[in-house]
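# Reading the structure
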Amino acid sequence: MLVLAIESSCDDTAAAVLRDDRSVLSNVISSQFDVHSPFGGIVPELASRRHIESIWPVVSQALDRAGVTLDQIDLIAATRGPGLIGSLLVGFTFAKGLAMVRNIPCVGVDHMSGHLLSVFAGAEHPDFPYAALVVSGGNTSIYTVTDRSTFQCLGRTRDDAAGEAFDKVAKLLGLGYPGGPIISRLAEKGDPQAIAFPRAWLDRDSADFSFSGLKTSVVNHVNQCRRKNEPLNIEDICASFQEAVVDVLAEKTVRAALAHGLKTIVIGGGVAANRRLREVMQQRCEKEQLQLFKPEPVFCTDNAAMIGLAGYYQYQRGDTIAPDTDVYSRSPLH
Ligand code: KG4
């Protein structure tokens, strides 16, 4: 079965073609970096408008790269939510329209289920059940994944998502957008122990996260240096901030896996592309004899291949959408 997948939940227009869940034939992502970077964050109205311009070129490119035509597509899968409503509407309505005109079945996919299953886009697949950390610009949550359709949220952020914290700290330091990759690059040259930024562990055994206090600590540190006329060591700030985020993400995920008797951990979402997080997670998992699965960075950040996978599994369960099925901004999987 050939699956055409479309993802437009936030600021990237993406399309992919998959053969069942066996291979990703193409995976095209059109970034809106140039649109949003002057604003230091995503402007929803501009994101929707750019999706409208990009959706057909991106879908055609995905078909071309896969070497297939629309006539050969057996299933269309598109992100239904959560995300920015204007952005979601472009991809989802496009998918529904295409499906209706071509008489192709269509499934609406939850973006979070895509991240939770994105590991199946790679060559090595975990056994069920596993613990999954989904960490991006909009989400930071830990789940148990019992099978391809059963996800239970064990904890989530109470304020900022980790990626959002990276982006806000980068903006504060005047580094540009998106902040994660920039901070991560600068952190390579800094000392992660230079500044003792706080870690929010919250209640004992809690799988929830909080990053707003850490962000305030960075603001306080910067203000203090400015008051004392001390130069800012940007590389040390980046390395120390990143270490504080990574410590909490890794430790809480490992603790949650152990508490639920899970032997495997999977990570996903844009921040899962972070080199230091991947390294620390690996070390922590080895210490606790847990198996870690890290999808390639291209399957961690927003992509349509993961939507195609989740959609394919949904279709196998008989789940298709009606023409009036709507998008949603908040995930029922939370
Ligand atoms: O999953 P994603 O592509 O989009 C959604 O948020 O849905 O994630 C984007 C987020 C941004 O906040 C970005 O700063 C962060 O992931 N990110 C990173 C890295 N690459 C992307 N954060 C830390 N280190 C990275 N290497």
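On to the side chain of aspartate 208, then. Here aspartate 208 shows up in the loop between helix H6 (179-187) and helix H7 (212-227). Owing to a relative accessible area of 17%, aspartate 208 belongs among the buried residues under this scheme. In contact with aspartate 208, not counting residues within four places along its chain, are Gly155, Arg156, Arg158, Leu202 and Lys252.

Across the sheet, which stays open at both edges, the five strands sit in the order E3-E2-E1-E4-E5 with mixed pairing between neighbours. Across the chains shown, the open sheet's two edge strands, defined by having one partner strand only, are strand E3 (23-31) and strand E5 (106-110). Each neighbouring strand pair of the sheet contributes to a mean axis angle of 20°, computed without reference to strand direction. The sheet contact formed by strand E1 (residues 2-7) and strand E4 (residues 75-81) spans four bridges and is parallel. Within E4, the residue paired with isoleucine 6 across the bridge is alanine 78. Each of E1, strand E2 (12-19) and E3 is contacted by helix H2 (residues 44-66), which is oriented at about 25° to E2, the strand it contacts most. Sitting on the sheet, helix H11 (residues 305-316) touches E1, E2, E3, E4 and E5, and the angle it makes with E5 is about 120°.

Our next topic: the nonpolar core. With 48 residues, the main nonpolar core has Val135, Phe197, Phe211, Phe241, Val245, Leu249 and Ile265 as its most contacted residues. Those elements that place two or more of their residues in this core are strand E6 (130-135), helix H5 (162-172), H6, H7, helix H8 (234-259), strand E9 (264-268) and helix H9 (275-287). In terms of residues, this core owes the most to one element, H8, which gives 13 residues. When neighbours within four sequence positions are excluded, valine 245 is seen to be in contact with Ala162, Phe166, Phe211 and Leu214. Counting 34 residues, the second-largest nonpolar core is a separate cluster that includes Met112, Ala132, Val145 and Ala304.

Okay, the sheet that holds E9 next. Strand pairing in a sheet is mediated by backbone hydrogen bonds. Such pairs are either parallel or antiparallel. The strand order E8-E7-E6-E9-E10 describes an open sheet built from five strands, whose pairing is mixed. Here the strands that pair on one side only, and so sit at the sheet edges, are strand E8 (150-156) and strand E10 (291-293). The mean inter-strand angle of the sheet, taken between neighbouring strand axes irrespective of direction, is 25°. The pairing of E6 with E9 spans four bridges and is classified as parallel. Within E9, the position partnered with alanine 132 by the bridge is valine 266.

Inspection of the region around the ligand gives 19 residues, with Gly137, Asp167, Gly180, Gly270 and Asn274 positioned closest. At a separation of 2.7 Å, an oxygen atom of the ligand approaches a polar backbone atom of glycine 137. Between the ligand and the protein, one listed contact pairs an oxygen atom with a backbone N or O atom of aspartate 302 at 3.0 Å. When grouped by side-chain class, the residues that make up the shell around the ligand number five nonpolar, twelve polar and two charged. Lining the shell around the ligand are residues from two domains, each supplying at least three of them: domain 1 (2-116 + 300-316) and domain 2 (124-294).

Take the domain arrangement of the protein next. For the protein, the domain assignment lists domain 1 (2-116 + 300-316) and domain 2 (124-294). The C-alpha-based centres of domain 1 and domain 2 are spaced at 27 Å. Contact with domain 1, which involves 16 residues of that partner, is made by 17 residues of domain 2. Both faces considered, domain 1 and domain 2 share a buried interface measuring about 1400 Å² in area, 69% of it formed by carbon and sulfur atoms. Of all residues in domain 1, Met112, Leu116 and Cys300 bury the most surface against domain 2, accounting for 46% of the area lost on that side.

Rules used in this analysis
- Residues numbered from 1 in each chain as written.
- Predicted model: local features only at pLDDT ≥ 70, side-chain atom pairs only at ≥ 80, totals over all residues.
- Heavy atoms only, no water.
- Helix = DSSP H or I, 4+ residues; strand = E, 2+ residues; numbered from the N terminus.
- Buried < 20%, exposed > 50% of the residue type's maximum accessible area, 1.4 Å probe, protein only.
- Contact = heavy atoms within 4.5 Å.
- Pairing = 2+ DSSP bridges.
- Axes fitted to C-alpha atoms, helices over the stretch in contact; angles between N-to-C directions.
- Core = buried A, V, L, I, M, F, W, Y, C linked by side-chain atoms within 4.5 Å.
- Near = heavy atom within 4 Å.
- Polar contact = N/O pair within 3.5 Å; in protein donor to acceptor, adjacent residues only side chain to side chain.
- Nonpolar A, V, L, I, M, F, W, Y, C, P; charged D, E, K, R; others polar.
- Domains from an automatic or database assignment.
- Buried area = accessible area lost by both parts, 1.4 Å probe.

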